[in-house]
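Commentary on secondary and tertiary structure
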Amino acid sequence: MSQKKVSKTYLSLYILAFVGVTIVFMLVGFVMIHTFSDYVRDEMVRNATYTAKSYSHTLEKNIQAYEAVTELMEDKIEAAGNGVINAQYPERLNLAVVAEKLNVDSIDVYNRAGVVVSSAYPENVGWRVYEGHPVYDFYVSDLTSFIGPVRTNTISNLEYKYGYYRMDNGGFVQIGVSADHIKSFVDNFEMINNFNMIRNGNSLLHLTFIDNDYHVLASTESDRIGEIVQDPAVIESVEAGKESGAYATIGEEEVYQVFVPVYHENGRQGTLAVAQSVKETETLLNRLTGVSLVILFFVYGALLFLFNSSYRRFRNLMNLAYFDQSTKLPNEEYLRTILTEEKNLGDHTKKALILVRHIHYKTRQFENPYESTAQIVGRIGRTIPGLVNYPVQVFNLSEDKFILLAEEYKSKLELISLVEEVTNLSREHFNLHGTIEYMNIKFGITEMDENGKSMEQLLKEASVSLSSIGEKDEVNYAFFSYHTGRKLQMEDMIVNELKEIISDESSGGVHLLYQPIISMRDGSVSSFEALARFTSKKYGEVPPEKFIEIAEKNNLMIPLGNLIFAQASRYAKKMFEKGYSHVRVSVNISAIQLLHEDFLKDILQISEHEGISGEHIILEIEESVLIDNFKEMNKKLQEIRDHGFKIALDNFGTSYSSLRSLKELNVDILKIDKAFIDPISPGDTSEYITRDIISLAHRLGLNVVAEGVELESQMEYLFYADCDCVQGYICGRPAKPEEASLTLIASPNNCWVRVMRRKFPIITSEDSGSDEVDGEPVY
């Protein structure tokens, strides 16, 4: 899966999560605002209900006061009426004086014809009762007494409360009390007669008093006084006879109206309707809602920012965790995640893991390539899935390895076809801008069984298959088999033994042999190359290239390399203590060690611990290490040299090194590979380029060591080619430390002596049968 696809996948997940959070956030916001609105409205309802109850309570008290005052007035009227009718001749009394003494305002005496014959107000005398007048109702009735409500006097137009008392002669007496005498009560009962005074304290309050016949007796809305209620909802609330409330509209204003029945001793007197305007509440709610929305908006914006930042950070972490940054391909960890998930899901789809190792050979016209190896590998990796009609994923494993995960293929033939397609693809991609570049590519293939295998097991099987392919094999792929399985079993055993040795060096198994390097100047030992050997408890001697490869594949090279360096340092110290301070020990350093960021720190600590300095050690590196990251590696080599170590470029000529890079390379010694020495034989040697290599190295200020020297003729050629040192079986085989030390005593080297004897005196062509120029053989 590509980096873009993974990014899109996780972007989709993030969008889905964000949409979910947005929905939840909106629901929470809606519920919060709705809850708050309900709370505010409920509070308004509680306040309105409380206000209604308070006013209804006050109204009940006023009704009681009204009845009390009314009762007092009626008692006064009754006392005055009884007093007048009990007089012998009421019509003869000075009624104005009597009224004053009885504390009433009006006394009128009617004869049985309904005419006023005597009055406290002379202008009333002569007035006659007529049908339809309130007095007429009593006049024609059989009642002996009656007290009526306050009414307006027909003559004076003043308001009085009248009582009527019948005399024995058929006439009757009318006693009146002015309405002004009960004004104090009217003032106390102002809320019924004029609710506007109450509303002055709250402009948002509406009050209405409705009697049991649905008449509006009093209201803050003056135009409603006297009307009969027609609204079914209001009628229903009045008939219910209990507290109730509902939203309503008064005019164009929305209110919350509470209905509270008003009771007295004689039962329900009516219903008080208290309506509180919701305008202020709605304004408050709108403001609070606006503030809440602004807050929610900022919180949502912050949440959006955090989501975006989290996604970017997560995407970067995902890229770092699951993608190789140089090739932009998924890495080993991503493959492990996929295999683990499929195993957990019980996926039994046919799968194969193909480990691909590529060795990048180059012949360049310029030092810097147009495109790095990693970029080319990444481009190839992104092209591979389109080569076949079944799913193939590509994962980068290391600088020189990547993995193919093939699924749903039908047979091994399809896997072989895939291998061939990738091989052809790699050749196509490595022909850039007139620069000849090509890749030696090999494939180790292992198929997964139904039980599933761990990532580590699959990589081991593929690695074993890969390592079984020889350099001269016609095919560049191999399937894992029983035979390679045995090989893997051996590898596991070796790994365990190496781990044991690394954790406890005294357990033995890894030791060093030392091969002398002879100076061509005087035949003395100039240095020893430390050659690592490993003896397995089960398999015996294991070739160096094999156990080194196993150590590198299993991340053991760093600790194993440190162990080897420590042993070589001890031998160097022994020679120093014996007086051979000029003899250095040469130690091979793998690419993995040199690339390790703590390499210099490690060897300095080991050197200090063993009691030696860099002046006693030569570090040998392969020129393949320098193919990529030349500047970085060259800088690191100089840092190593600054501490007294000498650097030797091993196996020169077998890999790539341009003349320019060799000139700039921070090394001290050039070791010519055995491949340039083997062809040298007695006779015409003009075609050999070894002399040219030595000459070039000297011009660059480098010492030269020829490796793999086995014949005296080769040694003689190298002497005349001005080679500095030689190394090979002819000078001495790798030996244990004690045996190697003996070569120091037996100096100069015997082979060197034999060559010198032939050199002096000069041998002519007739004596030796070889060509010579000016008495010197031609090489």
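The structure we're discussing is the one just above.
Below, the structure is looked at part by part. These numbers come from a predicted model, not from an experiment.

Our focus in this paragraph is the overall build of the protein chain. If you tally the helices and strands in the protein chain, you get 24 helices and 27 strands. Across the 779 residues in the protein chain, those meeting the buried criterion constitute 45%. Nonlocal contacts in the protein chain, meaning residues at least 24 apart in sequence, comprise 63% of its contacts between residues at least 6 apart. Element-wise, carbon and sulfur atoms account for 53% of the exposed surface of the protein chain, whose accessible area totals about 40,500 Å².

Positionally, Gln-375 belongs in helix 10 (residues 373-383). Judged by its relative accessible area of 41%, Gln-375 falls in the partly exposed class. Separated by 48 residues in sequence, Gln-375 and Thr-327 have C-alpha atoms that sit 5.4 Å apart. With residues up to four places along the chain from it excluded, the contact list for Gln-375 reads Ser-326 and Arg-382.

Let us now look at the packing of helix 20 (residues 690-699) against helix 21 (residues 712-720). Relative orientation of the contacting elements helix 20 and helix 21 amounts to 40°, with a least axis distance of 10 Å. Compared by their axis directions, helix 20 and helix 21 come out oblique. As helix 20 runs across helix 21, the sense of the crossing is right-handed. Judged by residue contacts, Thr-690, Arg-691 and Ile-694 of helix 20 engage Tyr-717, Leu-718 and Tyr-720 from helix 21. Class assignment of the residues belonging to the contact of helix 20 with helix 21 gives a composition of 4 nonpolar, 1 polar and 1 charged.

Turning to the packing of aromatic side chains, a few remarks are in order. For the structure on display, the rule yields 21 aromatic pairs. With centroids separated by 4.4 Å and ring planes inclined at 10°, the aromatic side chains of Tyr-110 and Phe-172 adopt a geometry described as stacked. Taken as a pair, Tyr-110 in strand 1 (residues 106-110) and Phe-172 in strand 5 (residues 172-178) lie far apart in primary sequence, 62 residues in all. Note on accessibility: Tyr-110 and Phe-172 belong to one class, buried. Their ring planes at 85° and their centres at 6.1 Å tell us that Tyr-688 and Tyr-717 sit as a pair that is edge-to-face. Of this pair, Tyr-688 sits in the loop between strand 23 (669-672) and helix 20 while Tyr-717 sits in helix 21, and the two are 29 residues apart along the sequence.

Turning our attention to the pairing of strand 4 (residues 159-166). Burial of strand 4 is extensive: 6 of the 8 residues sit out of reach of the surface. Two strands pair when backbone bridges link them, and strand 3 (residues 145-152) and strand 4 are joined in this way by 6 bridges, in the antiparallel orientation. By the bridge assignment, Ile-147 is partnered in strand 4 with Gly-163. Connecting strand 3 to the next strand, strand 4, in antiparallel fashion are 6 residues, including Asn-157 with a positive phi near 60°. As defined by bridge partners, strand 4 adjoins strand 5 across 7 bridges and the pair is classed as antiparallel.

Turning our eyes to something else, we now look at the nonpolar core. Ranked by size, the top nonpolar core spans 84 residues in total, and within it Val-585 and Leu-619 carry the most contacts. By residue number, the principal contributor to this core is helix 15 (residues 557-577), which donates 10 residues. Sequence-distant contacts of Leu-619, that is, excluding residues within four places in its chain, are made with Phe-565, Val-587, Ile-589, Phe-599, Ile-603, Ile-640, Phe-645, Lys-646, Ile-647 and Ala-648. Of all hydrophobic cores here, the second largest spans 27 residues; its members include Ile-376, Ala-406, Tyr-409 and Leu-415.

Let us now look at helix 7 (residues 232-240). Within helix 7, the full set of buried residues consists of Val-234, Ser-237 and Val-238. The arc enclosing the buried residues of helix 7, seen along the axis, measures out at 100°, which places them on a common side. In this structure, helix 7 carries Pro-232, Glu-236 and Glu-239 as exposed residues pointing more than 90 degrees from its buried face. Structurally, the start of helix 7 carries an N-cap: the backbone nitrogen of Ala-233 is 3.0 Å from a side-chain oxygen of Asp-231. Trailing helix 7 by a residue or two, Gly-241 shows a phi angle of about 65°, which is positive.

Turning next to the pattern of salt bridges. This structure, assessed with the given rule, holds 20 salt bridges. Glu-333 is the partner of Arg-336 in a salt bridge, and the nearest nitrogen-oxygen pair spans 3.2 Å. On the criterion of helical spacing, the pair formed by Arg-336 and Glu-333 is a turn pair, its members being 3 residues apart in helix 9 (residues 332-344). With relative accessibility at 22%, the residue Arg-336 sits in the partly exposed group. Of the residues examined, Glu-333 reaches a relative accessible area of 36% and is grouped as partly exposed. Between Glu-500 and Lys-537 there is a salt bridge, with its nearest N and O atoms 3.2 Å apart. Residue Glu-500 is located in helix 13 (residues 482-503), and its partner Lys-537 is located in the loop between strand 18 (525-536) and strand 19 (540-542); the two are separated by 37 residues in the primary sequence. A relative accessible area of 36% places Glu-500 in the partly exposed class. For Lys-537, a relative accessible area of 63% puts it in the exposed group.

A few words now on the side chain of Ser-586. Secondary-structure assignment places Ser-586 in strand 20 (residues 584-588). Only 2.5 Å separates the side chain of Ser-586 from the side chain of Glu-620, close enough to count as a polar contact. Aside from chain neighbours lying at most four places away, what touches Ser-586 is Phe-528, Glu-529, Ala-530, Ile-618 and Glu-620.

Moving on, we get to unusual backbone geometry. Of note, the phi angle at Asn-103 is positive, near 65°, even though the residue is not glycine. When you line up the elements, Asn-103 lands in the loop between helix 2 (95-102) and strand 1. Of note, the phi angle at Asn-651 is positive, near 55°, even though the residue is not glycine. Among the structural elements, Asn-651 can be located in strand 22 (residues 646-652). Exposure remark for Asn-651: the relative accessible area of 18% places this residue in the buried category.

Definitions and limits used
- Residues numbered from 1 in each chain as written.
- Predicted model: local features only at pLDDT ≥ 70, side-chain atom pairs only at ≥ 80, totals over all residues.
- Heavy atoms only, no water.
- Helix = DSSP H or I, 4+ residues; strand = E, 2+ residues; numbered from the N terminus.
- Buried < 20%, exposed > 50% of the residue type's maximum accessible area, 1.4 Å probe, protein only.
- Contact = heavy atoms within 4.5 Å.
- Areas by Shrake-Rupley, 256 points an atom, 1.4 Å probe, with all protein chains shown as cover.
- Axes fitted to C-alpha atoms, helices over the stretch in contact; angles between N-to-C directions.
- Parallel < 35°, antiparallel > 145°, perpendicular 65-115°, else oblique.
- Left-handed = near helix turned anticlockwise from the far one by under 90°.
- Nonpolar A, V, L, I, M, F, W, Y, C, P; charged D, E, K, R; others polar.
- Phe/Tyr/Trp six-rings, centres within 6.5 Å; stacked < 30°, edge-to-face > 60°.
- Pairing = 2+ DSSP bridges.
- Core = buried A, V, L, I, M, F, W, Y, C linked by side-chain atoms within 4.5 Å.
- Arc of directions from axis to C-beta.
- Polar contact = N/O pair within 3.5 Å; in protein donor to acceptor, adjacent residues only side chain to side chain.
- Salt bridge = Lys/Arg side-chain N within 4 Å of Asp/Glu carboxyl O.

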